[in-house]
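# Structure at a glance
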Amino acid sequence: MNRSARRRLTAAVLTVVAVTASATACSSGGSGTSTKAADNGTYTIWDPYPQFDKSSAWAKLLDGCGTEAGVKIKRTAFDTSDLTNKALLAAQQDNSADVLIVDNPVVSTLAEAGLLTTTDDNKLDTSKVNPNLLAAGQSGGKTYGTPIGANTLALYYNKKVLKDAGVDIASVKDWKSLTAALTKVKKAGKKGITFSAIGTEEGSFQFLPWFWGSGAQLTALDSEQAVSALSLWKNWLDKGYAPNSVINNTQTTSWQEFASGDYAFAENGTWQLANADKAGFDYGVIPVPSASGGDAAAPTGGEFVTVPVQGDTGRYATTQKLVSCLTNSQNLLETDTTLSYVAPTAEVQDKQVAANAKLKPWVDAVKAAKGRTSDDLGTKYPKISEQLWKAVQSALSGSASPKDALGSAQSAVK
(Lines give C-alpha, C1' and ligand atoms only; values in the text may rest on other atoms or scores of the structure.)
Protein backbone atom coordinates (compact mmCIF):
# COMPACT_ATOMS: atom_id res chain seq x y z
CA MET A 1 0.00 0.00 0.00
CA ASN A 2 1.53 3.37 -1.00
CA ARG A 3 1.95 6.30 1.39
CA SER A 4 -0.92 8.31 -0.11
CA ALA A 5 -3.37 5.42 0.26
CA ARG A 6 -2.26 4.85 3.83
CA ARG A 7 -2.84 8.51 4.67
CA ARG A 8 -6.36 8.28 3.25
CA LEU A 9 -7.03 5.19 5.34
CA THR A 10 -5.73 6.82 8.50
CA ALA A 11 -7.98 9.83 7.92
CA ALA A 12 -10.94 7.57 7.29
CA VAL A 13 -10.33 5.63 10.50
CA LEU A 14 -10.29 8.87 12.46
CA THR A 15 -13.37 10.38 10.85
CA VAL A 16 -15.62 7.47 9.92
CA VAL A 17 -19.23 8.08 10.89
CA ALA A 18 -21.73 5.24 11.24
CA VAL A 19 -24.88 6.37 9.44
CA THR A 20 -26.72 3.15 8.92
CA ALA A 21 -28.52 1.11 11.57
CA SER A 22 -31.69 3.11 10.90
CA ALA A 23 -32.37 1.52 7.54
CA THR A 24 -31.46 -2.05 7.92
CA ALA A 25 -32.98 -2.89 11.29
CA CYS A 26 -30.24 -5.47 11.85
CA SER A 27 -29.67 -6.67 15.40
CA SER A 28 -26.52 -5.62 17.23
CA GLY A 29 -23.69 -7.74 18.51
CA GLY A 30 -21.09 -9.74 16.68
CA SER A 31 -19.70 -13.22 16.50
CA GLY A 32 -16.12 -12.21 17.21
CA THR A 33 -13.18 -11.00 15.19
CA SER A 34 -11.40 -12.56 12.30
CA THR A 35 -7.99 -12.42 10.69
CA LYS A 36 -7.22 -13.12 7.06
CA ALA A 37 -6.64 -16.79 6.51
CA ALA A 38 -3.11 -17.58 5.41
CA ASP A 39 -4.41 -20.63 3.57
CA ASN A 40 -5.05 -19.68 -0.06
CA GLY A 41 -7.86 -22.24 -0.08
CA THR A 42 -9.79 -20.24 2.53
CA TYR A 43 -11.58 -17.00 1.70
CA THR A 44 -12.85 -14.55 4.31
CA ILE A 45 -16.26 -12.89 4.23
CA TRP A 46 -17.31 -10.16 6.66
CA ASP A 47 -20.97 -9.21 6.93
CA PRO A 48 -23.29 -7.12 9.17
CA TYR A 49 -25.74 -9.93 9.93
CA PRO A 50 -24.87 -11.23 13.41
CA GLN A 51 -28.49 -12.33 13.80
CA PHE A 52 -27.72 -15.23 11.45
CA ASP A 53 -25.73 -18.04 13.08
CA LYS A 54 -23.92 -21.00 11.51
CA SER A 55 -27.17 -22.94 11.10
CA SER A 56 -28.92 -20.14 9.19
CA ALA A 57 -29.79 -20.22 5.50
CA TRP A 58 -27.46 -17.24 5.01
CA ALA A 59 -24.44 -19.03 6.47
CA LYS A 60 -25.23 -22.13 4.43
CA LEU A 61 -25.45 -20.01 1.27
CA LEU A 62 -21.97 -18.63 1.93
CA ASP A 63 -20.58 -22.12 2.44
CA GLY A 64 -22.36 -23.31 -0.70
CA CYS A 65 -20.87 -20.53 -2.80
CA GLY A 66 -17.47 -21.45 -1.39
CA THR A 67 -17.94 -25.09 -2.37
CA GLU A 68 -19.01 -24.01 -5.87
CA ALA A 69 -15.83 -21.93 -6.17
CA GLY A 70 -13.67 -24.73 -4.76
CA VAL A 71 -12.66 -22.94 -1.55
CA LYS A 72 -13.56 -22.85 2.13
CA ILE A 73 -15.32 -19.84 3.65
CA LYS A 74 -14.36 -18.19 6.91
CA ARG A 75 -17.23 -15.88 7.82
CA THR A 76 -17.31 -13.21 10.54
CA ALA A 77 -20.38 -11.15 11.41
CA PHE A 78 -20.13 -7.71 13.01
CA ASP A 79 -22.45 -5.00 14.22
CA THR A 80 -22.94 -2.55 11.33
CA SER A 81 -20.87 0.34 12.70
CA ASP A 82 -18.21 -1.97 14.14
CA LEU A 83 -17.79 -3.59 10.73
CA THR A 84 -16.82 -0.27 9.15
CA ASN A 85 -14.13 0.40 11.72
CA LYS A 86 -12.79 -3.17 11.53
CA ALA A 87 -12.62 -2.95 7.74
CA LEU A 88 -10.63 0.29 7.84
CA LEU A 89 -8.21 -1.04 10.44
CA ALA A 90 -7.75 -4.32 8.56
CA ALA A 91 -6.89 -2.39 5.41
CA GLN A 92 -4.21 -0.47 7.30
CA GLN A 93 -2.68 -3.83 8.20
CA ASP A 94 -3.03 -5.20 4.63
CA ASN A 95 -5.37 -7.81 6.08
CA SER A 96 -8.69 -7.07 4.41
CA ALA A 97 -11.43 -9.64 4.01
CA ASP A 98 -11.87 -11.05 0.52
CA VAL A 99 -15.55 -10.13 0.48
CA LEU A 100 -16.94 -7.25 2.51
CA ILE A 101 -20.69 -6.66 2.83
CA VAL A 102 -21.40 -3.15 4.13
CA ASP A 103 -24.27 -0.72 4.49
CA ASN A 104 -24.55 1.32 1.31
CA PRO A 105 -23.64 4.80 2.70
CA VAL A 106 -20.32 3.36 3.92
CA VAL A 107 -19.21 2.34 0.42
CA SER A 108 -18.06 5.83 -0.52
CA THR A 109 -16.09 6.15 2.73
CA LEU A 110 -14.24 2.90 2.07
CA ALA A 111 -13.79 3.69 -1.63
CA GLU A 112 -12.35 7.15 -1.02
CA ALA A 113 -10.00 5.61 1.54
CA GLY A 114 -8.64 3.40 -1.25
CA LEU A 115 -9.90 0.18 0.34
CA LEU A 116 -12.19 -1.13 -2.42
CA THR A 117 -11.67 -2.35 -5.96
CA THR A 118 -13.92 -1.06 -8.72
CA THR A 119 -16.15 -3.24 -10.86
CA ASP A 120 -13.74 -2.50 -13.71
CA ASP A 121 -11.02 -4.10 -11.62
CA ASN A 122 -12.93 -7.05 -10.17
CA LYS A 123 -15.10 -7.73 -13.27
CA LEU A 124 -18.40 -7.89 -11.36
CA ASP A 125 -21.41 -7.73 -13.68
CA THR A 126 -23.84 -5.03 -12.49
CA SER A 127 -25.72 -4.65 -15.79
CA LYS A 128 -29.03 -5.93 -14.37
CA VAL A 129 -29.00 -3.79 -11.23
CA ASN A 130 -31.45 -0.88 -11.06
CA PRO A 131 -29.37 2.27 -11.77
CA ASN A 132 -30.85 4.21 -8.83
CA LEU A 133 -29.77 1.45 -6.43
CA LEU A 134 -26.33 1.03 -7.99
CA ALA A 135 -25.73 4.78 -7.59
CA ALA A 136 -25.36 4.35 -3.82
CA GLY A 137 -22.13 2.46 -4.50
CA GLN A 138 -20.69 4.91 -7.02
CA SER A 139 -18.13 7.61 -6.38
CA GLY A 140 -16.04 9.68 -8.77
CA GLY A 141 -17.53 7.93 -11.77
CA LYS A 142 -16.53 4.48 -10.52
CA THR A 143 -18.71 1.65 -9.17
CA TYR A 144 -17.64 -0.23 -6.06
CA GLY A 145 -19.53 -3.48 -5.62
CA THR A 146 -23.14 -4.48 -6.15
CA PRO A 147 -26.21 -4.24 -3.91
CA ILE A 148 -27.47 -7.40 -2.27
CA GLY A 149 -30.89 -5.85 -1.75
CA ALA A 150 -32.63 -2.69 -0.68
CA ASN A 151 -35.16 -1.45 1.78
CA THR A 152 -36.77 1.95 1.94
CA LEU A 153 -39.61 3.92 3.45
CA ALA A 154 -43.28 4.19 2.61
CA LEU A 155 -46.53 5.02 4.39
CA TYR A 156 -48.41 2.30 6.21
CA TYR A 157 -52.08 3.11 6.75
CA ASN A 158 -54.81 1.73 8.99
CA LYS A 159 -57.80 0.92 6.77
CA LYS A 160 -60.40 1.12 9.54
CA VAL A 161 -59.21 4.49 10.85
CA LEU A 162 -59.38 5.96 7.35
CA LYS A 163 -62.76 4.40 6.61
CA ASP A 164 -64.26 5.74 9.84
CA ALA A 165 -62.92 9.20 8.98
CA GLY A 166 -64.36 9.05 5.47
CA VAL A 167 -60.98 9.04 3.75
CA ASP A 168 -60.48 7.20 0.45
CA ILE A 169 -56.81 6.22 0.28
CA ALA A 170 -56.93 6.66 -3.50
CA SER A 171 -57.40 10.39 -2.90
CA VAL A 172 -54.03 10.69 -1.17
CA LYS A 173 -51.75 11.68 -4.00
CA ASP A 174 -49.73 14.67 -2.79
CA TRP A 175 -49.04 16.75 0.33
CA LYS A 176 -52.27 18.73 0.09
CA SER A 177 -54.48 15.64 -0.12
CA LEU A 178 -52.50 13.87 2.62
CA THR A 179 -52.93 16.84 4.95
CA ALA A 180 -56.64 16.93 4.11
CA ALA A 181 -56.87 13.26 5.09
CA LEU A 182 -55.12 13.99 8.39
CA THR A 183 -57.61 16.79 9.05
CA LYS A 184 -60.53 14.39 8.61
CA VAL A 185 -58.90 11.77 10.83
CA LYS A 186 -58.40 14.24 13.67
CA LYS A 187 -62.00 15.45 13.40
CA ALA A 188 -63.09 11.82 13.67
CA GLY A 189 -61.28 11.56 17.00
CA LYS A 190 -58.31 9.52 15.86
CA LYS A 191 -54.62 10.28 15.45
CA GLY A 192 -52.98 11.30 12.20
CA ILE A 193 -49.44 10.29 11.37
CA THR A 194 -46.37 9.17 13.24
CA PHE A 195 -42.74 9.09 12.15
CA SER A 196 -39.21 9.33 13.51
CA ALA A 197 -37.59 12.77 13.75
CA ILE A 198 -34.96 11.84 16.34
CA GLY A 199 -31.66 13.71 16.30
CA THR A 200 -29.66 10.98 14.59
CA GLU A 201 -29.20 9.57 11.09
CA GLU A 202 -32.53 7.84 11.67
CA GLY A 203 -34.25 11.25 11.72
CA SER A 204 -32.55 12.35 8.50
CA PHE A 205 -33.44 9.03 6.89
CA GLN A 206 -37.13 9.61 7.64
CA PHE A 207 -37.12 13.25 6.59
CA LEU A 208 -35.45 12.65 3.23
CA PRO A 209 -38.59 11.47 1.33
CA TRP A 210 -40.26 14.77 2.21
CA PHE A 211 -37.09 16.75 1.55
CA TRP A 212 -36.52 15.15 -1.84
CA GLY A 213 -40.27 15.08 -2.49
CA SER A 214 -40.24 18.88 -2.32
CA GLY A 215 -37.65 19.02 -5.08
CA ALA A 216 -34.85 19.99 -2.69
CA GLN A 217 -31.23 18.87 -3.07
CA LEU A 218 -28.80 17.98 -0.27
CA THR A 219 -26.34 20.52 -1.63
CA ALA A 220 -28.78 23.34 -0.75
CA LEU A 221 -30.36 22.64 2.64
CA ASP A 222 -31.82 26.14 2.86
CA SER A 223 -33.66 26.17 -0.46
CA GLU A 224 -37.30 27.24 -0.68
CA GLN A 225 -38.27 23.65 -1.40
CA ALA A 226 -36.41 22.36 1.65
CA VAL A 227 -38.13 24.94 3.85
CA SER A 228 -41.52 23.81 2.52
CA ALA A 229 -40.76 20.20 3.53
CA LEU A 230 -39.76 21.08 7.08
CA SER A 231 -42.72 23.46 7.32
CA LEU A 232 -45.00 20.57 6.40
CA TRP A 233 -43.80 18.52 9.38
CA LYS A 234 -43.91 21.54 11.70
CA ASN A 235 -47.46 22.33 10.58
CA TRP A 236 -48.55 18.76 11.32
CA LEU A 237 -47.22 19.03 14.87
CA ASP A 238 -48.76 22.46 15.41
CA LYS A 239 -52.19 21.21 14.32
CA GLY A 240 -51.97 17.96 16.27
CA TYR A 241 -51.87 15.77 13.16
CA ALA A 242 -48.55 14.29 14.37
CA PRO A 243 -47.59 13.79 18.02
CA ASN A 244 -44.81 15.74 19.73
CA SER A 245 -43.23 12.35 20.50
CA VAL A 246 -41.86 12.24 16.95
CA ILE A 247 -39.00 14.47 18.12
CA ASN A 248 -37.64 11.57 20.17
CA ASN A 249 -39.14 8.68 18.21
CA THR A 250 -36.93 6.02 16.70
CA GLN A 251 -38.42 4.02 13.88
CA THR A 252 -39.16 1.30 16.43
CA THR A 253 -41.06 3.54 18.86
CA SER A 254 -42.85 5.21 15.98
CA TRP A 255 -43.97 1.78 14.83
CA GLN A 256 -45.21 0.95 18.30
CA GLU A 257 -47.43 4.05 18.19
CA PHE A 258 -48.92 2.95 14.89
CA ALA A 259 -49.38 -0.61 16.15
CA SER A 260 -51.68 0.75 18.88
CA GLY A 261 -54.34 1.01 16.19
CA ASP A 262 -55.11 4.70 16.80
CA TYR A 263 -53.06 6.22 13.98
CA ALA A 264 -54.08 6.61 10.36
CA PHE A 265 -50.54 6.63 8.95
CA ALA A 266 -46.98 5.72 9.88
CA GLU A 267 -43.82 6.29 7.89
CA ASN A 268 -41.72 3.17 8.19
CA GLY A 269 -39.90 0.50 6.24
CA THR A 270 -40.04 -2.94 4.72
CA TRP A 271 -38.54 -4.39 7.89
CA GLN A 272 -41.88 -3.83 9.68
CA LEU A 273 -43.87 -6.09 7.36
CA ALA A 274 -43.84 -9.04 9.75
CA ASN A 275 -44.92 -6.77 12.60
CA ALA A 276 -47.65 -5.28 10.43
CA ASP A 277 -49.10 -8.73 9.86
CA LYS A 278 -49.20 -9.21 13.64
CA ALA A 279 -50.75 -5.83 14.43
CA GLY A 280 -54.31 -7.13 14.50
CA PHE A 281 -55.84 -4.69 12.01
CA ASP A 282 -56.08 -4.36 8.25
CA TYR A 283 -53.39 -2.17 6.79
CA GLY A 284 -52.15 -1.01 3.44
CA VAL A 285 -49.01 0.65 2.07
CA ILE A 286 -48.50 3.54 -0.32
CA PRO A 287 -45.27 5.23 -1.40
CA VAL A 288 -44.58 8.58 0.26
CA PRO A 289 -46.19 11.18 -2.02
CA SER A 290 -44.21 14.11 -3.34
CA ALA A 291 -45.36 17.70 -2.89
CA SER A 292 -47.03 17.98 -6.29
CA GLY A 293 -47.97 14.32 -6.80
CA GLY A 294 -46.31 11.10 -7.74
CA ASP A 295 -43.91 9.06 -5.64
CA ALA A 296 -41.22 10.85 -3.66
CA ALA A 297 -37.70 9.47 -3.74
CA ALA A 298 -37.11 7.72 -0.43
CA PRO A 299 -33.60 6.83 0.76
CA THR A 300 -32.32 3.34 0.18
CA GLY A 301 -31.12 1.12 2.96
CA GLY A 302 -29.46 -2.23 2.44
CA GLU A 303 -25.97 -3.50 1.83
CA PHE A 304 -23.42 -3.69 -0.96
CA VAL A 305 -21.24 -6.70 -1.64
CA THR A 306 -17.74 -5.29 -2.22
CA VAL A 307 -14.28 -6.62 -3.01
CA PRO A 308 -11.52 -5.01 -0.91
CA VAL A 309 -8.07 -4.33 -2.32
CA GLN A 310 -5.69 -7.28 -1.80
CA GLY A 311 -1.92 -7.46 -1.89
CA ASP A 312 -2.30 -10.80 -3.67
CA THR A 313 -4.26 -9.83 -6.79
CA GLY A 314 -4.47 -13.49 -7.77
CA ARG A 315 -7.33 -13.88 -5.27
CA TYR A 316 -9.70 -11.66 -7.25
CA ALA A 317 -10.77 -14.31 -9.75
CA THR A 318 -12.11 -16.61 -7.03
CA THR A 319 -13.60 -13.68 -5.12
CA GLN A 320 -15.50 -12.67 -8.24
CA LYS A 321 -16.96 -16.18 -8.41
CA LEU A 322 -18.07 -15.92 -4.78
CA VAL A 323 -19.77 -12.56 -5.26
CA SER A 324 -21.43 -13.67 -8.48
CA CYS A 325 -22.79 -16.71 -6.66
CA LEU A 326 -24.13 -14.60 -3.77
CA THR A 327 -25.87 -12.18 -6.12
CA ASN A 328 -27.26 -14.47 -8.82
CA SER A 329 -31.02 -14.36 -9.31
CA GLN A 330 -31.93 -17.48 -7.35
CA ASN A 331 -29.77 -16.64 -4.37
CA LEU A 332 -30.91 -13.00 -4.37
CA LEU A 333 -34.52 -14.15 -4.18
CA GLU A 334 -33.87 -16.34 -1.17
CA THR A 335 -31.61 -13.87 0.62
CA ASP A 336 -33.82 -10.82 0.08
CA THR A 337 -36.85 -12.76 1.26
CA THR A 338 -34.95 -13.64 4.45
CA LEU A 339 -33.81 -10.04 4.97
CA SER A 340 -37.21 -8.51 4.03
CA TYR A 341 -35.40 -6.60 1.29
CA VAL A 342 -36.50 -5.71 -2.21
CA ALA A 343 -34.15 -7.23 -4.76
CA PRO A 344 -31.90 -4.89 -6.78
CA THR A 345 -32.93 -6.27 -10.19
CA ALA A 346 -36.26 -6.09 -12.02
CA GLU A 347 -36.14 -9.83 -12.74
CA VAL A 348 -36.05 -10.80 -9.08
CA GLN A 349 -38.44 -8.01 -8.04
CA ASP A 350 -41.05 -9.50 -10.37
CA LYS A 351 -40.56 -12.90 -8.73
CA GLN A 352 -40.96 -11.35 -5.27
CA VAL A 353 -44.24 -9.69 -6.19
CA ALA A 354 -45.51 -12.89 -7.81
CA ALA A 355 -44.82 -14.73 -4.55
CA ASN A 356 -46.17 -11.97 -2.29
CA ALA A 357 -48.47 -9.28 -3.72
CA LYS A 358 -48.00 -7.15 -0.58
CA LEU A 359 -44.52 -6.31 -1.83
CA LYS A 360 -45.84 -4.39 -4.86
CA PRO A 361 -45.92 -0.93 -3.20
CA TRP A 362 -42.46 -1.58 -1.76
CA VAL A 363 -41.06 -2.46 -5.16
CA ASP A 364 -42.59 0.77 -6.50
CA ALA A 365 -41.02 2.71 -3.62
CA VAL A 366 -37.61 1.15 -4.24
CA LYS A 367 -37.82 1.99 -7.94
CA ALA A 368 -38.29 5.64 -6.98
CA ALA A 369 -35.69 5.52 -4.18
CA LYS A 370 -32.34 7.24 -4.04
CA GLY A 371 -29.03 6.53 -2.34
CA ARG A 372 -28.07 8.93 0.42
CA THR A 373 -24.59 9.33 -1.02
CA SER A 374 -25.85 9.61 -4.62
CA ASP A 375 -25.22 12.74 -6.69
CA ASP A 376 -21.54 12.12 -5.97
CA LEU A 377 -21.91 13.34 -2.37
CA GLY A 378 -19.79 10.47 -1.08
CA THR A 379 -18.21 11.23 2.27
CA LYS A 380 -19.82 14.68 2.35
CA TYR A 381 -23.14 13.05 3.23
CA PRO A 382 -22.56 12.37 6.95
CA LYS A 383 -21.85 16.05 7.68
CA ILE A 384 -24.85 17.16 5.62
CA SER A 385 -27.07 14.62 7.36
CA GLU A 386 -25.98 15.75 10.82
CA GLN A 387 -26.90 19.34 10.05
CA LEU A 388 -30.18 18.23 8.50
CA TRP A 389 -31.33 16.30 11.58
CA LYS A 390 -30.26 19.19 13.80
CA ALA A 391 -32.40 21.54 11.71
CA VAL A 392 -35.39 19.20 11.95
CA GLN A 393 -35.00 19.00 15.73
CA SER A 394 -34.66 22.76 16.02
CA ALA A 395 -37.73 23.50 13.94
CA LEU A 396 -40.01 20.85 15.44
CA SER A 397 -39.09 21.84 18.99
CA GLY A 398 -39.90 25.46 18.20
CA SER A 399 -36.44 26.83 18.92
CA ALA A 400 -36.13 28.15 15.36
CA SER A 401 -38.33 28.59 12.31
CA PRO A 402 -37.90 26.04 9.52
CA LYS A 403 -36.25 28.73 7.38
CA ASP A 404 -33.80 29.81 10.08
CA ALA A 405 -33.04 26.23 11.11
CA LEU A 406 -32.18 25.19 7.57
CA GLY A 407 -30.25 28.40 6.97
CA SER A 408 -28.06 27.60 9.94
CA ALA A 409 -27.66 24.03 8.68
CA GLN A 410 -26.46 25.17 5.26
CA SER A 411 -24.01 27.61 6.81
CA ALA A 412 -22.58 24.85 9.01
CA VAL A 413 -22.12 22.54 6.03
CA LYS A 414 -20.25 25.21 4.10
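Everything that follows concerns the structure shown earlier in this document.
Residues numbered from 1 in each chain as written. Predicted model: local features only at pLDDT ≥ 70, side-chain atom pairs only at ≥ 80, totals over all residues. Heavy atoms only, no water.

Turning our attention to the nonpolar core. Counting residues in hydrophobic clusters, the biggest one holds 53 residues, and the most contacted among them are W210, F211, L218, W236 and F265. Put simply, the parts of the chain that give this core at least two residues each are β7 (153-158), α8 (159-164), α9 (175-187), α10 (201-213), α11 (224-238), β9 (263-269), α18 (381-397) and α19 (402-413). In terms of residues, this core owes the most to one element, α11, which gives eight residues. With sequence-adjacent residues up to four places away left out, L218 is seen in contact with L208, F211, W212, R372, L377, Y381, I384 and L388. Counting 28 residues, the second-largest nonpolar core is a separate cluster that includes Y43, I101, L322 and V323. (Core = buried A, V, L, I, M, F, W, Y, C linked by side-chain atoms within 4.5 Å. Buried < 20%, exposed > 50% of the residue type's maximum accessible area, 1.4 Å probe, protein only. Helix = DSSP H or I, 4+ residues; strand = E, 2+ residues; numbered from the N terminus. Contact = heavy atoms within 4.5 Å.)

Looking now at the sheet that holds strand β10 (residues 283-286). The mixed open sheet is built from four strands, whose spatial order is β8-β9-β7-β10. Edge positions in the sheet fall to β8 (191-194) and β10, since each of these pairs with one other strand and no more. For this sheet, the mean angle separating the axes of adjacent strands, direction not counted, is 20 degrees. Sheet topology note: the β7/β9 ladder contains five bridges and is antiparallel. When the sheet's bridge partners are listed, L153 is paired in β9 with G269. Across the sheet, helix α17 (residues 360-367) touches β7, β9 and β10, and the angle it forms with β7 is around 150 degrees. (Pairing = 2+ DSSP bridges. Axes fitted to C-alpha atoms, helices over the stretch in contact; angles between N-to-C directions.)

Attention now goes to the pairing of strand β11 (residues 303-306). A regular strand places its side chains on the two faces of the sheet in alternate fashion. Burial along β11 is two-sided: E303 and V305 and F304 and T306, pointing in opposite directions, are all buried. Two elements, strand β3 (residues 99-103) and β11, share four bridges in a ladder whose sense is antiparallel. When the bridges of β11 are listed, D103 appears paired with E303. Pairing of strand β6 (residues 146-147) with β11 involves two bridges; the strand directions are antiparallel. Bridged to T146 within β11 is V305.

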